[in-house]
Amino acid sequence: MIAAVDLADRGSLVSDLLHSDLIVRQFADYVEPFFPERSSSGWQPLWFLSNDGLWTFFRKGKPLDRSSFENGMPRTKKKLFEKFDSHSVSPGYKALWDAPDTRKLLRDQMLLMLASDAETQSLVAPLLDPAHFSSPELWPDDNEVAAYLDALRDQQDLFAMPPPREVAKSLAIAAGDALANFNVESLPPPTAIGPSFETDGIAPIALSVDTLQVGTVQRDVYLILRAKCATLRQAVPAISNSAPQLRHAIDLLSTALQAEPEVANGHIIWSHANTLRRLGDADLRARASASPDILPLPEDVGELLTDLVEQFNVYAQSDPLLRQLDLARVGPAGRAELIARMEAGRQFVAAAQTAPHVIEPGAATVLATATHVAESAIEAAGVNADQAIANSVEMQQNGARALLRSAVLEFKKWFGKTKDARKSLTEGALKQAGAEAVKQLPFLQFINQTAKYLRELWRGQDGSAIIDRVLEWFRHLGS
């Protein structure tokens with residue numbers, strides 16, 4: 001760890017990813033004069049510090065742990081280095097790592113650990129000042145080392161829970177500085193399907209409304225779709241095993257189909273129309289089934305439902321958003337992982353629905369509609385069900401990204417216009433529930449309340465490391 005800190009202090013670890021070979025070589029330089037037989041074994045503590053949670057190894061974006069290796073841990077440097085393609089500081093230590101003063105706190109704790117072991121005490125003096133490591137005549141004497149270590153022991157343990165007050169202050173300052181300087185464009189980009197949100201850092205966020213350009217033919221197809229909804233609704237019998245579900249789905253689509261296509265919300269229309277597609281698929285399976293317990297819809301209703309679905313398919317081909325939504329497919333990670341992410345997104349969306357001061361109800365409804373429809377598709381099979389699940393996750397991510405982006409921009413504005421902003425961080429202004437600072441930063445508390453779900457929503461995806469880092473900064477500011 002001391003080797004990694006010293007490399008970071010010299011600017012040798014300049015990216016988000018740690019340079020594993022550099023750390024192992026620096027370890028060898030430090031150890032070889034004292035323990036030559038161990039100098040080539042730096043890959044071992046490199047691995048064990050991952051187990052301790054300081055940093056994490058990744059392969060194609062997925063974190064490695066003992067289970068990633070056949071025998072529970074790598075047996076050689078070659079086996080370890082072949083297994084991973086990136087190596088980064090874990091989110092819990094990222095704010096500490098980013099600031100030189102808190103890196104020094106970490107380094108000092110490592111010196112105390114070396115000094116506590118009789119075998120490694122001899123390393124403390126040469127490592128006390130890394131600039132003098134190669135100059136033994138400049139190493140401190142035993143009394144100087146003892147005085148330095150005694151001063152450190154007077155401080156509380158950095159790794160105690162909860163963290164010492166001074167460390168908490170340093171974390172808050174480091175997190176504030178990091179957010180103030182963070183390029184918000186580094187967040188994962190919006191997904192292709194939307195929805196789009198206004199993300200200027202002012203709460204509550206709202207849907208970004210673009211005036212639709214609707215041609216004459218597209219309008220005619222839309223109006224026919226509305227009319228066929230009404231016809232099917234009238235044909236559904238009042239008493240039928242499948243009637244309640246079908247009637248409800250038709251009513252939801254009819255409500256989404258506004259009088260004019262320019263003011264209708266394509267995401268909500270697609271979600272409800274996709275439900276009718278799946279009900280149509282179920283009716284076709286019922287007609288092909290020999291089981292007396294599986295009853296199809298009345299024939300005239302089934303035909304009208306098929307006609308309505310086909311009409312929607314025609315309309316979807318004329319609308320760029322609906323056409324894009326129809327392209328969704330379950331990715332290589334598989335359905336189970338997608339459903340797990342959707343569940344995390346469901347928790348996030350549920351929280352958004354209870355926070356109108358953070359996200360406008362209309363915007364939350366778009367996310368909630370997609371989520372609810374996808375939940376009903378989990379037990380179903382086929383392309384339409386898969387599309388409902390895949391699209392709901394993308395839409396959840398878009399909503400989460402919009403809130404996270406707004407939170408960063410909100411904090412940047414507050415930090416830039418608030419006198420002695422850094423001082424207020426050390427005094428815990430953002431940690432006091434109901435404090436004026438919290439009222440000025442309405443996104444802050446919401447982000448911390450939903451951080452667990454945001455992490456899960458991006459787990460294993462591109463951009464997950466950036467999401468983790470930003471969430472960790474917010475945690476240090478307002479937890």
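Everything numeric in this text was worked out from a predicted model, so none of it was measured. (Residues numbered from 1 in each chain as written. Predicted model: local features only at pLDDT ≥ 70, side-chain atom pairs only at ≥ 80, totals over all residues. Heavy atoms only, no water.)

Visitor: Lay out the overall build of the chain with the relevant residues and their values.
Guide: When helices and strands are tallied, the chain shows 21 helices and 3 strands. In the chain, which comprises 479 residues, the share counted as buried stands at 47%. (Helix = DSSP H or I, 4+ residues; strand = E, 2+ residues; numbered from the N terminus. Buried < 20%, exposed > 50% of the residue type's maximum accessible area, 1.4 Å probe, protein only.)

Visitor: Kindly report on the side chain of Asp326, identifying the contributing residues and their values.
Guide: Structurally, Asp326 is set in the loop between α14 (320-325) and α15 (335-353). Overall, the relative accessible area of 13% leaves Asp326 in the buried class. Among all residues touching Asp326, those that are not within four sequence positions of it are Trp270, Arg277, Ala316 and Gln387. (Contact = heavy atoms within 4.5 Å.)

Visitor: Hey, could you go over the nonpolar core for me, with residue numbers and the actual values?
Guide: One finds Trp97, Leu246, Leu276, Val470 and Phe474 to be the most contacted residues of the largest nonpolar core, which totals 136 residues. Looking at which element gives the most residues to this core, the answer is helix α17 (residues 383-417), with 16 residues. (Core = buried A, V, L, I, M, F, W, Y, C linked by side-chain atoms within 4.5 Å.)

Visitor: Give me the lowdown on the pairing of strand β3 (residues 86-89), citing residues and values where you can.
Guide: The side-chain alternation of β3 yields two buried faces, one formed by Ser86 and Ser88 and the other by His87 and Val89. Here strand β1 (residues 55-59) pairs with β3 via 4 bridges, running antiparallel. Directly across from Thr56, in β3, lies its bridge partner Ser88. (Pairing = 2+ DSSP bridges.)

Visitor: Break down the confidence of the model for the chain for me, with residues and values.
Guide: Here the chain averages 84 in pLDDT, and 90% of its residues register 70 or above. When the elements of the chain are averaged for pLDDT, helix α19 (residues 436-440) gives the smallest value, 60, and helix α16 (residues 361-377) the largest, 94. Contacts from residues 156-163, a stretch scored under 50 in pLDDT, to residues over four places away or in other chains number 13 contacts. (pLDDT = per-residue confidence, 0-100.)

Visitor: Talk me through the packing of α15 against helix α20 (residues 442-458); I want residue IDs and the actual numbers.
Guide: Their axes nearest at 7 Å, the elements α15 and α20 cross at an angle of 160°. By the criterion of interaxial angle, the relationship of α15 to α20 is roughly antiparallel. Considering how the two elements wind past one another, α15 and α20 form a crossing that is left-handed. Residues Arg341, Ala344, Gly345, Gln347, Phe348, Ala351 and Ala352 of α15 pack against Phe446, Thr450, Tyr453, Leu454, Glu456 and Leu457 of α20. Among the residues forming the contact of α15 with α20, the class breakdown is 8 nonpolar, 3 polar and 2 charged. (Axes fitted to C-alpha atoms, helices over the stretch in contact; angles between N-to-C directions. Parallel < 35°, antiparallel > 145°, perpendicular 65-115°, else oblique. Left-handed = near helix turned anticlockwise from the far one by under 90°. Nonpolar A, V, L, I, M, F, W, Y, C, P; charged D, E, K, R; others polar.)

Visitor: If you had to explain the side chain of Gln26 to someone new, which residues and values would you point to?
Guide: Its place among the elements puts Gln26 in helix α2 (residues 20-31). Contacts of Gln26, omitting those with residues within four sequence positions, involve Ala3, Leu7 and Arg10.

Visitor: Requested: an account of the packing of aromatic side chains, with residues and values cited.
Guide: Using the criterion set out here, one finds 11 aromatic pairs in the structure. Ring centres of Phe182 and Trp473 lie 5.6 Å apart, and the angle between their planes is 70°; on these two criteria the pair is classed as edge-to-face. Residue Phe182 is located in the loop between α9 (165-181) and α10 (216-235), and its partner Trp473 is located in helix α21 (residues 464-478); the two are separated by 291 residues in the primary sequence. For the pair formed by Phe182 and Trp473, the shared burial category is buried. Residues Phe411 and Trp414 carry aromatic rings whose centres are separated by 5.6 Å and whose planes lie at 35° to one another, so their mutual orientation is tilted. Taken as a pair, Phe411 and Trp414 lie in helix α17 at a separation of 3 residues, close to a single helical turn. Owing to a relative accessible area of 1%, Phe411 belongs among the buried residues under this scheme. On the basis of relative accessible area, Trp414 is assigned to the buried category, the value being 4%. Taken together, the aromatic side chains of Tyr30, Phe34, Phe133 and Trp139 make up a single cluster linked through ring pairs. (Phe/Tyr/Trp six-rings, centres within 6.5 Å; stacked < 30°, edge-to-face > 60°.)

Visitor: So what about the environment of Ala316? Which residues, and what values?
Guide: Structurally, the position occupied by Ala316 is in helix α13 (residues 299-318). The buried category is assigned to Ala316, whose relative accessible area is 0%. Along the chain, Ala316 and Ala273 lie 43 residues apart, while their C-alpha atoms are 10.0 Å from each other. Aside from chain neighbours lying at most four places away, what touches Ala316 is Leu322, Arg323 and Asp326.

Visitor: Explain the sheet that holds β1 residue by residue, including any values.
Guide: An order of β2-β1-β3 is seen for the 3 strands of this open sheet, with the pairing classed as antiparallel. Each having just a single partner strand, β2 (62-63) and β3 make up the two edges of the open sheet.

Visitor: How would you explain unusual backbone geometry if you had to name every residue and give the values?
Guide: A cis amide bond, omega 0°, links Gly194 with the succeeding residue Pro195. Examined against the element boundaries, Pro195 turns out to sit in the loop between α9 and α10. In this structure, the amide linkage connecting Ala203 to the following residue, Pro204, adopts the cis form with an omega of -5°. For Pro204, the location among the structural elements is in the loop between α9 and α10.

Visitor: How would you sum up the pairing of β1? Please name residues and give values.
Guide: Most of β1 is tucked away, with 4 of its 5 residues classed as buried. Pairing between β1 and β2: 2 bridges, direction antiparallel. From the neighbouring strand, Phe58 faces β2, where its bridge partner is Pro63. Connecting the antiparallel pair β1 and β2 is a turn made up of 2 residues, with Lys60 showing a positive phi of about 55°.

Visitor: Go over the packing of helix α1 (residues 2-9) against α2, please, and point to the residues and values.
Guide: One can describe the packing of α1 onto α2 by two numbers: an axis separation of 8 Å at closest approach and a directional angle of 110°. One finds that α1 runs roughly perpendicular with respect to α2. Our pair here, α1 against α2, has a crossing hand that is right-handed. Along the contact surface, α1 presents Ile2, Ala3, Ala4, Asp6 and Leu7, while α2 presents Leu22, Ile23, Gln26, Phe27 and Tyr30. Class assignment for the residues of the contact of α1 with α2 results in 8 nonpolar, 1 polar and 1 charged.

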